[in-house]
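The residues making up each chain are set out below.
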Amino acid sequence: MAKYNSIKPPAAIVIFGGTGDLTKRKLIPAFYNLFLSKNLPEKFTILLLGRNEDKNEQFKHDLFDGINQFSRSGKPDDNNWKIFSDNIFYQQGNFLDNSTFITLKEHLDAFDKKNKQRCLRTFYLAIAPQFIEASAEGLYKNKICNQIKLDRIVVEKPFGTDLASAQKLNTFLQKRFSEKQIFRIDHYLGKETVQNIMAFRFANSIFSPVWNNKYIDHVQISLSEQVSIGKRGGYYDGSGALKDMIQNHLLQLLCIVAMECPGKYDAEHIRNAKADLLKKIKLYSTAEVFKNIVRAQYTAGKINEQEQQGYLQEENIAPQSTTETFIAGKFFINNERWKGVPFFLATGKCLPKQASVIMIQFKDSPYKIFKDDTVPNRLTISIQPEQEISLLFESKVPGVQMKLKPVEMDFTYKESYTEATPEAYETLLLDILDGDATLFMRSDQVEAAWKVVMPIINAWKKNPKKGLLKYAAGTWGPAAATSLLKPFAKQWVVLPAEKK
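Each chain has its residues counted from 1, running along the sequence as written. Per-residue local features are limited, in this predicted model, to residues with pLDDT of at least 70; the limit for side-chain atom pairs, both in listing and counting, is 80 or more; totals at the level of whole chains, interfaces and linings are taken over all residues. Computation of side-chain values: all heavy atoms of the structure, hydrogens and water removed.

### As for the sheet that holds strand β3 (residues 88–92)
Pairing is parallel in the open sheet, where six strands are placed in the order β3-β2-β1-β4-β5-β6. Across the chains shown, the open sheet's two edge strands, defined by having one partner strand only, are β3 and β6 (182–185). When the angles between neighbouring strand axes are averaged without regard to direction, this sheet yields 20°. The contact criterion used is simple: two residues touch if any of their non-hydrogen atoms lie within 4.5 Å. Every angle, taken between N-to-C directions, lies between 0 and 180 degrees, and every axis is a line fitted to C-alpha atoms, over only the stretch in contact when it is a helix. Helix numbers and strand numbers start at the N terminus; a helix is a DSSP run of H or I with at least 4 residues, a strand a run of E with at least 2. Across the face of the sheet, helix α1 (residues 21–36) comes into contact with β1 (11–16), β2 (44–50), β4 (120–125) and β5 (151–156) while running at roughly 170° to β1. Strand pairing is defined by DSSP finding a minimum of two bridges between the two strands.

### Structural notes on the nonpolar core
The biggest cluster of nonpolar side chains holds 148 residues, and the ones touching the most others in it are F16, F84 and L104. In terms of residue count, helix α9 (residues 240–258) provides more of this core than any other element does, twelve residues in total. With residues up to four places along the chain from it excluded, the contact list for L104 reads V14, F16, L47, L49, Q91, F123, L139 and I144. Definition of nonpolar core: a set of buried residues of the types Ala, Val, Leu, Ile, Met, Phe, Trp, Tyr and Cys, connected through side-chain atoms within 4.5 Å. Between buried and exposed lies partly exposed: a residue is buried under 20% and exposed over 50% of the maximum accessible area for its type, with that area taken using a 1.4 Å probe on protein chains only.

### Points about the packing of aromatic side chains
Under the pairing criterion, centres of Phe, Tyr and Trp rings, with the six-membered ring standing for Trp, must be within 6.5 Å; the plane angle then separates stacked pairs below 30 degrees from edge-to-face pairs above 60, leaving the rest tilted. According to the stated counting rule, one finds 21 aromatic pairs in the structure shown. Geometrically, the ring pair formed by W81 and F84 is tilted, given 6.0 Å between the ring centres and 45° between the ring planes. Here W81 and its partner F84 are both found in helix α3 (residues 78–85), three residues apart, which amounts to about one turn of the helix. Each member of the pair, W81 together with F84, is buried. Three or more aromatic residues joined by ring pairs make a cluster, and in this case those are Y32, F35, F44, F64, W81 and F84. Both a distance and an angle decide whether a charge sits over a ring: NZ of Lys or CZ of Arg must be within 6 Å of the ring centre and within 35 degrees of the ring normal. One Lys or Arg, R176, reaches over the ring of F172 and ends 3.7 Å from the middle of that ring.

### Overview of the sheet that holds strand β11 (residues 326–331)
With mixed pairing, nine strands are arranged side by side in an open sheet as β16-β15-β14-β13-β7-β12-β11-β8-β17. Edge strands, defined here as strands with exactly one partner in the open sheet, are β16 (404–412) and β17 (468–472). When the angles between neighbouring strand axes are averaged without regard to direction, this sheet yields 20°. Of the pairings in the sheet, the one linking strand β15 (residues 388–396) to β16 comprises nine bridges and is antiparallel in character. If you follow L391 over to β16, its bridge partner there is M409. Each of β13 (355–362), β14 (378–384), β15 and β16 touches helix α7 (residues 192–202); the most contacted strand, β14, lies at about 145° to it.

### A closer look at the pattern of salt bridges
Salt bridges are defined as contacts in which a side-chain nitrogen from Lys or Arg sits within 4 Å of a carboxyl oxygen from Asp or Glu. As enumerated under the stated definition, the model contains 22 salt bridges in all. A salt bridge links K157 to D244, with the shortest nitrogen-to-oxygen separation between them at 3.2 Å. Placement of K157 in the loop between β5 and α6 (163–174) and of D244 in helix α9 is noted, with a sequence separation of 87 residues between them. Residue E268 is joined to R442 by a salt bridge in which the shortest nitrogen-to-oxygen separation is 2.8 Å. Taken together, the positions of E268 in helix α10 (residues 267–278) and R442 in the loop between α13 (424–434) and α14 (443–462) put the pair 174 residues apart, joining distant regions of the chain. Connected through salt bridges with shared partners, the residues K105, D109, D112 and R121 form a single ionic network.

### A word on the side chain of K8
One can find K8 in the segment before β1. Polar contact criterion, stated in full: a pair of N or O atoms within 3.5 Å, where within protein one must be able to donate a hydrogen and the other to accept it, and residues adjacent in sequence count only if both atoms are side-chain atoms. A polar contact of 3.0 Å, which involves the side chain of K8, links it to the backbone oxygen of N39. Within polar-contact distance, the side chain of K8 engages the side chain of D434 at 3.4 Å.

### Focus on α13
The buried fraction of α13 is high, at ten of eleven residues. Taken as a whole, α13 has its buried residues at A424, Y425, E426, T427, L428, L429, L430, D431, I432 and L433. Phi for G435, located one or two positions after α13, is positive at around 75°.

### A closer look at the packing of α1 against α3
At a minimum axis separation of 11 Å, α1 and α3 run at an interaxial angle of 110°. It follows from the interaxial angle that α1 and α3 lie roughly perpendicular. Seen from above, α1 lies across α3 with right-handed handedness. Mapping the contact onto sequence places I28, F31, Y32, F35 and L36 in α1 and N80, W81, I83 and F84 in α3. Note on residue categories: nonpolar means Ala, Val, Leu, Ile, Met, Phe, Trp, Tyr, Cys or Pro, charged means Asp, Glu, Lys or Arg, and polar means any other residue, Gly included. Looking at the contact of α1 with α3 residue by residue, the class counts come to eight nonpolar, one polar and no charged. In these notes the angle categories are as follows: under 35 degrees is roughly parallel, over 145 is roughly antiparallel, 65 to 115 is roughly perpendicular, and the rest is oblique. We call a crossing left-handed when the near helix sits turned anticlockwise from the far one by less than a right angle, and right-handed when that turn is clockwise.

Written as structure tokens, this is what we have:
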């Protein structure tokens, strides 16, 4: 039977959007696994706010099914589930109605009184963007989230729809809460392999001397999705791959790969280093956008032998939509370390495989004494699905002749560790409870990332159909995305598993 953590102070966790998909698939399974691993406080309560009628017991059955279906720990043990679920409650309410917040305050005050102290409070806004300001205003107006050291507010992406809306939302929140209370969450930063990049870079002296433009030829960061937009058409058609993936996930990965070493391993030093890096990314003119950025939409095709309809035929998609489902771009960083090194970023839907890969291509060997020394060193970091770091280097083939062949030296989590790998949300939720903002975006980071993509957004707005290509579902996107790599590479490195 799992036991509680008796060291941590009591915590009240409030999830706005308690009946939503994110709560069922990610949040409750993550909190349950934190409970199993003894990382939750001994005294905690999880209050789920939703607009559905009060159905407390049936609601717990739905949560149980969610853990059974989506949790890495599998079907909950009956005894553990009872202890855990006895701390979960449901409150029906409208986020636009102040009476919801009055009732919420009563619940939280009662929890404080029961524990004879002001408890930690976490408010997770797992809701549509249009409800964020109203929910934050309700918390502020009713003085529910007013203790800087004890209270946190968690905001899911998308954080704004452009630079102006992100700045507006930042200003709105910062007038009501301290920046230290605001946790802008990007689940990608909680992935174990992403966190390992920092350890890999800054805890191993062998790589530090070569992590610059003298030795690195180019970098590829790709996030391929096999899935279509599914039922998300209403949201996705107003967003697209640039806003949905590049502005947050891929630019954050670029930061970790390219940022300078922070002075200390703490939230502010690390977030300073990331913000500084984002501010050094070259901003494009309209003409440069169409030269360095490729966009496309998927058309009908097959994925794993299953028919897939085209983007324009998906539910809730405008017939003449120019929203991109694929984007590839070449970016440059204007600093001494990376001058002249292109960073290629790509992401798309309805691609052949699901994968997230970072590839660092080193320059060719300066000593060309072997005629078959033709393959430069390459470091590949697979974030998913493999969780692997692989180094490609030349080696002599056994035999009487000097013949070279590229070989790979691999590190995998599965082979190197017996410890279970936590889900990204487990890591991030635990950090929120601990008040550790290291893996969360600060306001200036968010705005700096929007500044990088705004020239692209504006160029496309002025020229809605210019350069919009097509690619069949189940293919690797338009040929122009591969051409973008020239003369640095002939193809995108998709997966380390694709070995000869």
